[in-house]
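Spelled out, the chains give:
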Amino acid sequence: SKELGRNTYNFFTMQMNQDMNRRLQVEEQLRSALQRQELEVYFQPLVDIRDRKTIGAEALLRWDNVKLGKVTPDEFIPIAEQTGLIVPIGRFVMEQAFTAAAQWQKNYQNNFRIAINVSPKQFRDSAFIEVLTQLLQEHQLASHCVELEITEGVLLSGDPVIAQTLSELNNIGVSISMDDFGTGYSSLSYLRSYPFDTVKVDKSFINDITVDPGDLELVGAAIAMGHGLNLNVIAEGVETEEQYQLLNALKCNYGQGYLFSRPVPLEEFEQILQREHQT
Ligand code: C2E
Ligand code: CA
Ligand code: CA
Ligand code: CA
């Protein structure tokens with residue numbers, strides 16, 4: 001009926017207004033989040049599947065805003081990306097993560113690895129390599145200990161500048177990791193065309209490996225393919241002992257997930273390293 005149609009229309013416009021409003025609020029607050037020191041880098045252990053020892057960490061952003069409270073990266077990263085705010089924010093993440101990693105290399109393991117997420121706009125920023133190189137130098141961090149995680153979104157544009165940047169990064173010696181492997185359409189051709197060092201099998205595949213034979217088969221194939229191409233393979237989202245045992249049997253190199261630890265603040269991560277290194 002006409003009445004129902006109008007209500008549906010009103011409902012959708014109200015919903016759209018609400019979403020738009022929230023987006024604008026997040027954007028407005030995000031603009032001053034760095035100055036207000038509301039952003040914090042958390043660390044999640046990256047473990048060797050064979051002995052479960054921590055060999056590195058992925059840096060993951062957290063935001064606790066004065067007005068909106070905790071906002072998840074899945075909500076604010078895309079907005080940071082669209083507004084270009086990801087460039088200064090991404091620099092902040094590298095600064096924090098490199099400072100911590102340099103310290104951990106000195107105190108615990110000289111080859112400790114630090115993984116950083118890099119989004120498309122950040123990757124395409126003309127100063128990206130310069131800033132990265134400068135930060136590596138400033139923190140006396142060996143380039144081979146840094147892993148840049150990129151998703152298909154970075155490569156999608158087909159812009160020749162991307163290929164150029166990837167090969168420059170490869171020359172500098174930083175590792176390039178394909179994040180969310182298996183979720184996009186073109187992962188395979190990208191692996192063939194660009195100098196990747198690592199693939200991170202998406203957690204949506206790991207989730208059901210103990211109950212879905214098809215998923216187990218796919219993960220096994222992804223690991224075998226990675227090894228065939230001389231890449232390290234990381235499994236994301238390892239939550240149970242059973243998943244861990246399967247990944248170990250499949251000779252997956254590294255794992256990351258709640259089974260080992262959630263992403264934690266710097267001090268807490270340090271305690272993990274301390275515990276593992278006391279004899
Ligand atoms: P991602 O790069 O795929 O990161 C992995 C996500 O999985 C993280 O979510 C992590 O907390 C979560 N995770 C880890 N282990 C488990 C597990 O066992 N089970 C489940 N269910 N989840 C697990 P988070 O921290 O909420 O980040 C979401 C996304 O936001 C990231 O996905 C990444 O794309 C983006 N992001 C986070 N920090 C940054 C950053 O500093 N820069 C950029 N550009 N993106 C970031
Ligand atoms: Ca990642
Ligand atoms: Ca390389
Ligand atoms: Ca992922």
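A few points on the structure. (Residues numbered from 1 in each chain as written. Chains lettered and ligands numbered in written order. Predicted model: local features only at pLDDT ≥ 70, side-chain atom pairs only at ≥ 80, totals over all residues. Heavy atoms only, no water.)

1. Let's talk about the packing of aromatic side chains
- Inspection of every chain in the model, using the stated rule, returns nine aromatic pairs.
- With a centroid separation of 6.0 Å and an interplanar angle of 50°, the aromatic rings of Phe43 and Phe269 are classed as tilted. Taken as a pair, Phe43 in strand S1 (residues 39-48) and Phe269 in helix H12 (residues 266-277) lie far apart in primary sequence, 226 residues in all.
- For Phe269, a relative accessible area of 0% gives the class buried. (Phe/Tyr/Trp six-rings, centres within 6.5 Å; stacked < 30°, edge-to-face > 60°. Helix = DSSP H or I, 4+ residues; strand = E, 2+ residues; numbered from the N terminus. Buried < 20%, exposed > 50% of the residue type's maximum accessible area, 1.4 Å probe, protein only.)

2. Comments concerning the pattern of salt bridges
- Using the criterion set out here, one finds 10 salt bridges in the structure.
- Two residues, Arg31 and Glu27, come together in a salt bridge whose shortest N-O distance is 2.8 Å. You can see Arg31 and its partner Glu27 sitting in helix H1 (residues 2-31), four residues apart, about one turn around the helix.
- Arg113 serves as the salt-bridge partner of Glu147, at 3.1 Å between the closest nitrogen and oxygen. Here Glu147, found in strand S5 (residues 146-150), pairs with Arg113, found in strand S4 (residues 113-117); they are 34 residues apart in sequence, far enough to count as distant.
- Residue Glu147 is classed as buried on the basis of its relative accessible area, which comes to 3%.
- Taking the relative accessible area as the measure of exposure, Arg113 reaches 13% and is therefore buried. (Salt bridge = Lys/Arg side-chain N within 4 Å of Asp/Glu carboxyl O.)

3. Overview of the side chain of Thr165
- Relative to the elements of secondary structure, Thr165 occurs in helix H7 (residues 160-172).
- Setting aside residues up to four positions removed in sequence, Thr165 forms contacts with Phe123 and Ile129. (Contact = heavy atoms within 4.5 Å.)

4. Thoughts on the site of ligand 1
- Taken together, 21 residues are adjacent to ligand 1, and Gln44, Arg62, Asn117, Glu239 and Tyr258 come closest.
- A distance of 2.9 Å is found between an oxygen atom of ligand 1 and a side-chain nitrogen or oxygen belonging to Arg62.
- In this structure, Glu239 approaches ligand 1 through a side-chain N or O atom, which is 2.5 Å from a nitrogen atom.
- For ligand 1, the protein covers 84% of the area, taking 800 Å² as the surface of the free molecule.
- Structurally, ligand 1 is housed in the largest pocket.
- Among the secondary structure elements, those contributing two or more residues to the shell around ligand 1 are strand S2 (54-65), helix H2 (73-83) and strand S6 (175-181).
- With four residues, the top contributor of residues to the shell around ligand 1 is S2.
- Among the residues making up the shell around ligand 1, the classes are represented as eight nonpolar, five polar and eight charged. (Near = heavy atom within 4 Å. Polar contact = N/O pair within 3.5 Å; in protein donor to acceptor, adjacent residues only side chain to side chain. Areas by Shrake-Rupley, 256 points an atom, 1.4 Å probe, with all protein chains shown as cover. 1 Å grid on protein atoms, 1.4 Å probe; cavity = no way out; pocket = protein on both sides within 12 Å on 5 of 7 lines; lining within 4 Å. Sits in = over half its atoms within 2 Å of the grid points. Nonpolar A, V, L, I, M, F, W, Y, C, P; charged D, E, K, R; others polar.)

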